[in-house]
Every structure is written in C-alpha cells, then in structure tokens.
Amino acid sequence: MDKSTFEERKVVINGSMHGSLRHDSARKHVTGAADYIDDIPEPAGLLHGALGLSDRAHAEIAGIDLSAVKAYPGVVWVFTGADIPGVNDTSSNGMHDEPLLAETKVEFHGQPIFAVIAETRDAARRAARRAKIDYRDLPHWSDIDGALANGAPLVYEPMTLKRGEPETEMANAKHRIKAQMRIGGQEHFYLESHIAMAVPGEDYEVAVWSSTQHPSEIQHIVGHVLGIPSNAVTVNVRRMGGGFGGKETQGNQFAALAAVAAKKLGRAVKFRPDRDEDMSATGKRHDFLVDYEVGFDDEGRIHAVDATYAARCGFSSDLSGPVTDRALFHADSSYFYPHVHLVSKPLKTHTVSNTAFRGFGGPQGMVGGERMIEEIAYALGKDPLEVRRANFYGQPGSGRTLTPYHQEVTDNIINRIVDELDQSSDYQARRKAIIEFNRSSRFIRKGIALTPVKFGISFTMTAFNQAGALVHIYQDGSIHLNHGGTEMGQGLYTKVAQVLADSFQVDINRVKITATTTGKVPNTSATAASSGSDLNGMAAYDAARQIKERLVAFAAEKWGVGAEEVQFLPNRVRVGEVEIPFPDFIKQAYFARVQLSAAGFYKTPKIHWDRKAGRGTPFYYFSYGAACSEVSIDTLTGEYLIDRTDILHDVGRSLNPAIDIGQVEGAFVQGMGWLTTEELWWDAKGRLRTHAPSTYKIPLASDRPKIFNVRLAEWSENTEATIGRSKAVGEPPFMLSISVLEALSMAVASVADYRVCPRLDAPATPERVLMAVERLKGM
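On a predicted model such as this, the values are computed, not experimentally measured, just so you know.

Draft legend 1. The overall build of the chain, seen in detail. Helix and strand counts for the chain come out as 20 helices and 29 strands. The C-alpha atoms of the chain give a radius of gyration of 27 Å, which matches the 28 Å a tight globule of 779 residues would have. In terms of overall dimensions, the chain has a C-alpha envelope of 85 × 75 × 50 Å along the principal axes. Each of the 779 residues in the chain was classed as buried or not, and the buried ones make up 63%. Restricting the contact set of the chain to residue pairs at least 6 apart, pairs at least 24 apart contribute 80%. Of the roughly 28600 Å² of accessible surface on the chain, a fraction of 50% belongs to carbon and sulfur atoms.

Draft legend 2. Inspection of the sheet that holds strand S17 (residues 466–473) at higher detail. Across the sheet, 4 strands lie side by side as S19-S18-S17-S24; this open sheet has mixed pairing. The sheet is open, and its two borders are formed by strand S19 (511–513) and strand S24 (597–603), each paired with just one other strand. Shown here is a sheet whose adjacent strand axes are inclined to one another by a mean of 25°, direction ignored. Bridge count for strand S18 (residues 479–483) against S19 is 3 bridges, and the pairing is parallel. Bridge pairing in S19 places isoleucine 479 opposite valine 511.

Draft legend 3. Summary view of the state of the cysteines. Scanning the entire structure with this criterion turns up 0 disulfides. Cysteine 628 takes part in no disulfide bond, and the closest cysteine sulfur, belonging to cysteine 757, lies 19 Å away.

Draft legend 4. Highlighting the sheet that holds strand S4 (residues 105–106). Strand order in the open sheet formed by 3 strands is S4-S2-S6, with antiparallel pairing between adjacent strands. A single partner strand is all that each edge strand has here, and the edge strands are S4 and strand S6 (132–137). In this sheet, S6 lies alongside strand S2 (residues 59–65) in antiparallel orientation, the contact comprising 6 bridges. Considered in S6, the bridge of aspartate 65 is made with lysine 132.

Draft legend 5. Geometry of the side chain of threonine 514. Tracing the backbone through its elements, the reader meets threonine 514 in the loop between S19 and strand S20 (516–517). The class of threonine 514 is buried, set by a relative accessible area of 17%. What threonine 514 contacts, discounting residues up to four positions off in sequence, is His480, Leu481, Asn482, Tyr493 and Lys520.

Draft legend 6. Geometry of the pattern of salt bridges. Tallying each qualifying case throughout the model produces 48 salt bridges. Among the ionic pairs, arginine 267 bridges to glutamate 119, the shortest N-O distance being 3.1 Å. A residue pair is termed long-range when its members are at least 10 positions apart, and arginine 267 in the loop between helix H8 (252–265) and strand S12 (269–271) and glutamate 119 in the loop between strand S5 (112–118) and helix H4 (121–128) qualify at 148 residues. Given the relative accessible area of 27%, arginine 267 is considered partly exposed. Between lysine 727 and aspartate 650 there is a salt bridge, and its shortest N-O distance comes to 2.7 Å.

Draft legend 7. A look at the side chain of aspartate 507. Looking at the element boundaries, aspartate 507 is found in the loop between helix H15 (492–504) and S19. Residue classification places aspartate 507 among the buried positions, given a relative accessible area of 10%. A polar contact of 2.8 Å, which involves the side chain of aspartate 507, links it to the side chain of asparagine 571.

Draft legend 8. View of the nonpolar core. Leu500, Phe504, Leu551 and Phe585 are the most contacted members of the largest nonpolar core, which has 157 residues in total. Ranked by residues supplied to this core, first place goes to helix H16 (residues 532–559) with 11 residues. Once residues lying within four places of it in the same chain are set aside, the contact partners of phenylalanine 585 are Leu551, Phe554, Ala555, Trp559, Phe568, Val573, Val575 and Ile580. Core analysis: the second largest hydrophobic core is formed by 33 residues, Leu51, Leu100, Ile218 and Ala258 among them.

Draft legend 9. Region of the structure containing the packing of aromatic side chains. Taken as a whole, this structure holds 22 aromatic pairs when the rule is applied. On the basis of an interplanar angle of 75° and a centroid distance of 6.0 Å, the ring pair of phenylalanine 554 and tryptophan 559 is categorised as edge-to-face. Residue phenylalanine 554 is classed as buried on the basis of its relative accessible area of 9%. Judged by its relative accessible area of 26%, tryptophan 559 is partly exposed. For the ring pair phenylalanine 668 and phenylalanine 708, a centre distance of 5.4 Å and an interplane angle of 45° mean the geometry is tilted. One end of the pair, phenylalanine 668, is in helix H18 (residues 657–676); the other, phenylalanine 708, is in strand S29 (residues 707–712), and 40 residues separate them in sequence. Accessibility expressed as a relative area gives 16% for phenylalanine 708, which makes it buried. Pairwise contacts between aromatic rings join Phe504, Phe554, Trp559, Phe568, Phe582 and Phe585 into one cluster. The lysine or arginine in question, arginine 239, covers the ring of tyrosine 36, its NZ or CZ lying 5.8 Å from the ring centre. Over the face of the ring belonging to tryptophan 674 we find arginine 285, whose NZ or CZ atom lies 5.0 Å from the ring centre.

Draft legend 10. Structural detail: the pairing of strand S14 (residues 302–314). For S14, the tally of buried residues reaches 10 of 13 residues, placing the bulk of the element in the interior. Relative to S14, strand S13 (residues 288–296) runs antiparallel, the two sharing 9 bridges. Note that in S14 the partner of leucine 289 across the bridge is alanine 310. The hairpin turn running from S13 into S14, its antiparallel successor, is 5 residues long, and glycine 300 in that turn takes a positive phi close to 90°. Summarising the sheet, S14 and strand S15 (residues 339–348) pair through 10 bridges and their orientation is parallel. Looking at the pairing, threonine 308 lines up with valine 343 of S15.

Draft legend 11. Expanded view of helix H11 (residues 362–380). Compared with the 27 Å implied by 1.5 Å per residue over 19 residues, the 28 Å span of H11 between its first and last C-alpha is a close match. Of all the 19 residues making up H11, 17 are buried; the element is thus mostly covered by neighbouring parts of the structure. The first or second residue beyond H11 is glycine 381, which carries a positive phi of 70°.

Draft legend 12. Broad picture of unusual backbone geometry. Residue proline 763 follows alanine 762 across a cis peptide bond; omega there is 5°. Turning to its location among the elements, proline 763 is positioned in the loop between helix H19 (738–749) and helix H20 (766–777). Look at aspartate 318: it is not a glycine, yet its phi comes out positive at around 45°. In this fold, aspartate 318 is placed in the loop between S14 and helix H10 (320–329). Judged by its relative accessible area of 3%, aspartate 318 falls in the buried class. Positive phi is not limited to glycine here, since aspartate 753 has a value of about 55°. In this structure, aspartate 753 sits in the loop between H19 and H20.

Draft legend 13. Layout of helix H17 (residues 582–591). Residues of H17 that are buried include every one of Phe582, Phe585, Ile586 and Ala589, and no others. In an axial view of H17, the angular spread of the buried residues amounts to 95°, which keeps them on one side of the axis. Those residues of H17 that are buried are in contact with S17, H15, H16, strand S21 (566–569), strand S22 (572–575) and strand S23 (578–581). Phi turns positive, to about 60°, at arginine 593, one or two residues after H17.

Draft legend 14. A look at the packing of H18 against H19. Interhelical geometry of H18 versus H19 gives an angle of 40° and a closest axis separation of 8 Å. As far as their axial angle goes, H19 and H18 are oblique. Where H18 approaches H19, its residues Phe668, Met672, Leu675 and Thr676 are matched on the opposing element by Ile738, Ser739, Val740, Leu741 and Leu744. Considered class by class, the residues forming the contact of H18 with H19 number 7 nonpolar, 2 polar and no charged.

Definitions and cut-offs
- Residues numbered from 1 in each chain as written.
- Predicted model: local features only at pLDDT ≥ 70, side-chain atom pairs only at ≥ 80, totals over all residues.
- Heavy atoms only, no water.
- Helix = DSSP H or I, 4+ residues; strand = E, 2+ residues; numbered from the N terminus.
- Rg over C-alpha atoms; globule rule 2.2 N^0.38 Å.
- Buried < 20%, exposed > 50% of the residue type's maximum accessible area, 1.4 Å probe, protein only.
- Contact = heavy atoms within 4.5 Å.
- Areas by Shrake-Rupley, 256 points an atom, 1.4 Å probe, with all protein chains shown as cover.
- Pairing = 2+ DSSP bridges.
- Axes fitted to C-alpha atoms, helices over the stretch in contact; angles between N-to-C directions.
- Disulfide = S-S within 2.5 Å.
- Salt bridge = Lys/Arg side-chain N within 4 Å of Asp/Glu carboxyl O.
- Polar contact = N/O pair within 3.5 Å; in protein donor to acceptor, adjacent residues only side chain to side chain.
- Core = buried A, V, L, I, M, F, W, Y, C linked by side-chain atoms within 4.5 Å.
- Phe/Tyr/Trp six-rings, centres within 6.5 Å; stacked < 30°, edge-to-face > 60°.
- Lys NZ or Arg CZ within 6 Å of the ring centre and 35° of its normal.
- Expected span 1.5 Å × (residues − 1).
- Arc of directions from axis to C-beta.
- Parallel < 35°, antiparallel > 145°, perpendicular 65-115°, else oblique.
- Nonpolar A, V, L, I, M, F, W, Y, C, P; charged D, E, K, R; others polar.

Next up, the structure:
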C-alpha cells in the first residue's frame, strides 16, 4: 500500500463499526494491483497441470492409451486415479461418491479421467487432448424429466416438512390450483476461474494456495487424497476473484491434483483451467421442477399447500442435500401456510454435480412460493400485492408465526418493509397507469410487481455455525488480524477490521488483515450462508475483549484506579485523569508483560435442527427486504427492458452501509440474470453447450434497471445479539430479483386481460416471453 492510500485510511474510528468505509482492496481491484494466485511470483521450477476430460456422459472406461500424452514435448508426468497415494475421493460430505479422477466409469461429459503435468501450461493442455480412450456407452439422462422417466436414484435422502393436516384440509379449501413450474440453473461465472498452486515441503508437508471459500475443507481433502494428516497441509487464501458458492467445494479437485503432483515430483505445481474447462467440469446452481397444489379462499388467503421440489443434482451428492433442504425452508417465502406438506427430490443426473450458489436453494424455493401467490391473484382477479399482504406472517400472538419446519417467526418486519416501499415507489399509482397504458398499446406492454424477501440466516448444519480469529497487538500499537473467513470481493475483511478498530477505538489503518490460512485459525467453516460477518466479526470481537480485559486490569493496577475508570477513547486510553496515546499505552503494557495476543471464538446460539423430524430452529434470525420492478416487453419479439427498480432492504444496523448497498445492488443484478438471460443447455449427448461467454449470457451493465433506487432500512436493528446488531447481506438481496420475473409475468398477462396466470418459467428469456405471449393470445 502506498503512503497516500495509508493516509486515506487514517480515519478516527469512533463508532466506525457502522461507518461507510471503502473496501480495503477497492483501489487495488480497479488498478489491477490486487494480487490473485496467478499474480504470485512463480516459484523456481514451477510445473503446470491440465485435465484430461471425458467426452461421454455415461460410460464404462474400456481402455486408456496415454502414450501420445506422455510423449508430448514438455510433459513431465501423467497420472490417473490409480496413482493417487491416499484415497481417490474429493466428496465434501463423507459419502465417497466423487472420485478425483474417474477410473472405471465416467458419469458426466467433462469428468476428469487423468491429469497432465508439464513444463508449460500450453504443453499440458495440448498433451491432454492426445489421449485415446475406449468407452462402452451406458444410458444417460441430463435433465429432471429424463431422471424421472428413468426412475433415477436420489443422490441424498429426501426431506419432508409437514405441519397441520394438508391431506384432508386441501379438500376443504374453496378454491384449488394444481400446476408445475420449471426453474433454471445458473453458472457462477466468477471473474477468476478455479486455480490452485501447491508447493512441497519437508517430510509430508505441502502448502497450497487455492481460490476457495473453504480453506479447511481443502486442507482436509488434500490430506485425504495424499494420505497425510491435516497438520501437514497449510492452505492460504488472500482473496478470490468472485466465488458466489462455486468455490465452496468445487476447488477440491484442483487443489488435490496440484498437491499430488507437487509431492510426487518435488516441484511446485499450478492448475488453472480455462473458462470452457471450468464451466464444463464444475457444478452450478440446481435447476428445479416444482409440482404444487394450493388451496385458498375468496380473499386469496392460503389454506393448504402441497409441493414437491425435484432438483437436477448431477452425478454425485456434493451439497445437493442441504441445497434442496434450504429450498423447502424457503418454499413459504414470506407467507404463513396453515396446512403444508413439502418434499424434496434430489435426483441423480449424468451431468456435473451441482453445488452451492448464492442463496443455496433458497431462491428456487422462494420462486415456487411466489408462483402460488401469482396463481391465486390471477384466479381471483386481484393485485398480487393484495394477496401477498393477506398471507404475510403475523406478529407473535397472531397464530400466524409458525413455519413449515416449526420455527416461530418472532422478528417479522415484512409488513413495514413492504408498506414503506409501496409508498416510496408509488406502486399503486404506477400500477394503475400501467394497466391503462396496456389497454391502448398495440405492441409494447408493461408490468410491475412488488415482491418480498424473508431469508433465514445460519448454516442448517449446526456445527458449521462457529468461527475463530487471531489478534495480535504489537509494541508500536499496530494490530494484526487473522480470521477464518475468506474475501471474495464482498468486503468481509473490511467489516471485520472495522469491528476490531471500533473495539480498541483506533484508526482503521492500525489494523492489518492478513491472508486466511489454516495455519493460524483452524477448523474454519466455509465463508457461505451469509454468515461471514456474523461469525468472524464476533470471533474478532471476542479476541479483542480478552486483550482489553488484560489491558484494563494492567492499567487499574499500575495507576491505582478502579477498572471502571479505564476507558478506550479514539486513539488513546483514559486511566483515571490521565490520557495516554494508544501506542504508548501498549508499549507500557508490553514492558509489564501483558499478553497482547488472543484467539477469539464464537458459536451461534439458540439454533438446533432435527432433519428426520423436520422440526427445529435452523435459523438464528431472518433478513427481510422488498423490491418493486417495472418492465416493458415487445410482444412481437419477446425482448424486454427493466425500466425501474426500487429496493428497500433490511441489514439490521449496517456494519458498513456503502459495502452493504453494493452487495444489494450486485445481488439483485445477479439474480435478475438468473431469472431472465442465463440459460444452461445440455445437448442430446450430455454435452454442456453453454460453456463460454459466447454461449452463456450474464447481465451487462446496460441490462441494469434504467432507474435503480436502493435504500437500506435504517430504522432496523437485529433483535438478536449479532455483531453491532447487524444482519447478513450476502444472499438475501439475491431474491429481490423475483420482482422482475413477476413484472414480466404481469406484462405477458395483459395480452389475455389478466384473466390467466402466464406460468412463465425461469429463466424468462425473450424466447420464453414470446412463447407465453403467443400462448395467451389464443385464450
């Protein structure tokens, strides 16, 4: 960091835990100065790896001839699953269903079969294409319909949530609708593809630099594959060029391959697949097929719900169990279901195993819930917002607070969020104007929708809700911070540094955040489930508390005052009537042999979950939000524009409003891409054809809403004892984008005078919008 940047960070941190401080790497990101793994100076003798991929979707391996691969100039070693010194498995859940390198059978097109290590990356990649592999083809299916038609097995035990008497009460509802919805998957499309570099050490030791959200899992998997203990593996992560869940488990294979080769050859090894290989060989967001039945009354109030959420999971379990679980957890969206029965169906397909993605199944569950609201509204001729309000969870004591998984919703603020956005966005007047516009417009139709978000915060695997932090104060008063969270651009490092600076009441420039490493903080959880700041912020706070208690005891004894007379003030410490600059105070504490280091720890309280029973309190609290989006569609082509979006989002008492607003904006646009332009497509041979920017369309800056108003609910404060009474921000705003899909649906519905629910599946590409328009024209 140059001196000017250092000086810019010298801001007095008095209450700064809630200040809009710039991301610590912002300048580096935009100038190209931020170091990623491929920017690290290459160790002497570095070798490069490439993958040999299957060109069959499902087949037995009848024979492999790698002689041409081995003979290619520059190739140092070629290895297969038989050469793995430990266990040939990289599964993250202990089910042992995900081989590092396929040995006897391949189960998706693009599955790694062998690895090539060469002097250059180009040589490794060119050599990998020279393999001759004989296959005996087996039946394959690459989508949910194929899985259902072929009686595909489940990759994980399904979950059932039930409350009330849905079997009998559905029949008692005055109105019933039964239908189906398809919800597409999504490619993570992080800017930095997967990458790993392994450097061999003495004895069993190996150091790994990996672009991963879960360093401790990389540590475990590398040890597992090499047959060595975790204490011989050190994993380092300074930053990622995006993750979005795609680097929670999917980095395992690249790190393990690099480590195997490094230890075998005694030289550093780097694996960096190109974009096509990354997209073909790594998992994506699960796509779902939702079969639902909803019973309701004349007012649009839901009486009973019965739904099955079937998911394309890929060839192995990966995280599909927890993902489909969370889909059920959020199938209620923001609504109370008096009688409910929900079932997950995680189906095996011959495609790459799908994995975590921002929202972790929650968005798919929520889209299904909003579709049922839409069905009711069109069936009764009501404004969907009216139906939403009629079904919102109530306040404690209302009898409308129990979720399908039997957790009480005690912190509900969705009514206030929606009411405020309704007013500030002028939703009612705009909706009337749009209906009037559509009556006279021949080709262009408009739509508007205001949709809510209620998202549960915590890992549903209770053990993952823990974090550690290591804090040192040096003699000059500078502070060293290390914690288990990883930085993927979301500003976690900045937020946790603010927590620490606020605790000691010092300038933010005194806090140095160092790369996440398993050598300093052990047994870390993935930076996922929107819990990075909650967990690591509290762990850092705990470490600061320990050090401050020692410092207060030291000051009280040295100056002969009561502990209550020792105060940490901006950049100084007041002891009785004396004020001492912070660095001088720390220097004196050092000479008095006060321990100036602490390991902090935090575990989320109050949560518990019984999956078999489908009951418990899996979430510590809920985050809320709402978005109002207006769109225009061309009924001749299906093309559309997002004219305006207004957002009001709840992050509790924000740790850093500037970063949080950026997260809300980014999540919305990413979600908008998922629901509109991003489409995954496999051909009849099981080949992913949307495997590059040329065939897969993410949103551009020009696709953002033309008018984009984003506000935080500044009055909100978490009712639970989170760090600074803040709330999570990573995943919840992703679901705000559902307002775009609902607005497109209204625009399409205008073709049939709003008499029919368009049942617009996601992604609502222009082709799908046009087909829906043509379908409704005949009604």
